[in-house]
Amino acid sequence: MQFCLVRLTSPEAAPLLAGLRLEYNARYGEGAGDSVDEIGASEFDAPHGGFLVLRDGEHTVAGGGIHRYSADTAEIKRMWTNPDYRRQGHATIVLAQLERLARDLGFARVRLETGYAQPEALALYRSLGYTDIGNYGVYEGAYGFERTLTAPADLQRPDAVASVLA
């Protein structure tokens, strides 16, 4: 498996975005997937953003992006894992890579939000030490989380994450 830093409009990101739209529609109702387009693609471009896709050959496994939320905070958006690859730790690896990207771009913290109908995501962020900051966005019933980024040398990464980042 390999990470690719891509533009949100690239063919490598298309399966992720399509899957995310379907997932949101299934969990929150028809039309919820339209929220995938709420932030323009250019917001995920350097120098204040990036979009990562984890690929297994030609298959999109997982991914997500960051964009500038404020001068010192990046917001993580569009995280998704292909259902055929879930419960294998890929979301944890994607999150670690997005945090690393945010640090590399000079951000001191990351924040994100997830919905009430995504208990797996809620459990993941809490298990990784993200702080619940309440709903900061526009989605009713959403949960906001934030994490201060540490210097790379101070990180305690699982072996799987360290091997991907090497």
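The rules behind these values
Residues numbered from 1 in each chain as written. Predicted model: local features only at pLDDT ≥ 70, side-chain atom pairs only at ≥ 80, totals over all residues. Heavy atoms only, no water. Helix = DSSP H or I, 4+ residues; strand = E, 2+ residues; numbered from the N terminus. Contact = heavy atoms within 4.5 Å. Expected span 1.5 Å × (residues − 1). Buried < 20%, exposed > 50% of the residue type's maximum accessible area, 1.4 Å probe, protein only. pLDDT = per-residue confidence, 0-100. Core = buried A, V, L, I, M, F, W, Y, C linked by side-chain atoms within 4.5 Å.

S.K.: A description of the overall build of the chain should follow, citing residues and the corresponding values.
M.R.: Check the secondary structure of the chain and you find four helices and seven strands. From first element to last, N terminus to C terminus, the chain shows the α and β order β-α-β-β-β-α-β-α-β-β-α. With respect to the three principal axes, the spread of C-alpha positions in the chain is 45 × 40 × 30 Å. Within the chain, counting contacts between residues at least 6 apart in sequence, those at least 24 apart form 61% of the total.

S.K.: Tell me about helix α2 (residues 90-104), and please be specific about residues and values.
M.R.: Here α2 spans 21 Å end to end across 15 residues, near enough to the 21 Å set by a 1.5 Å rise per residue. The buried count for α2 comes to 11 of 15 residues, which makes it a mostly enclosed element. Inspection of α2 places His90, Ile93, Val94, Leu95, Ala96, Gln97, Leu98, Glu99, Leu101, Ala102 and Arg103 among the buried residues, and these make up the whole buried set. Note on α2: the residue one or two positions beyond its end, glycine 106, has a positive phi of about 95 degrees.

S.K.: Give me the lowdown on the confidence of the model for the chain, citing residues and values where you can.
M.R.: Averaged over all residues, the pLDDT of the chain is 88; the fraction at 70 or higher stands at 90%. Across residues 153-166, where pLDDT falls below 50, the model places 14 contacts with residues more than four positions away in sequence or in other chains.

S.K.: An account of the nonpolar core is needed here, citing residue identities and associated values.
M.R.: If you look at the biggest cluster of nonpolar residues, it comprises 26 residues, and the most contacted ones within it are Ile76, Tyr125 and Tyr130. At the level of elements, β2 (50-56), β3 (59-70), β4 (73-81), α2, β5 (109-114) and α3 (119-127) are the ones that each hand at least two residues to this core. Top element by residues in this core is α2. It accounts for six residues. Ignoring any residue separated from it by four or fewer positions in sequence, one finds tyrosine 125 in contact with Met79, Leu95, Leu112, Thr114, Tyr130 and Phe145.

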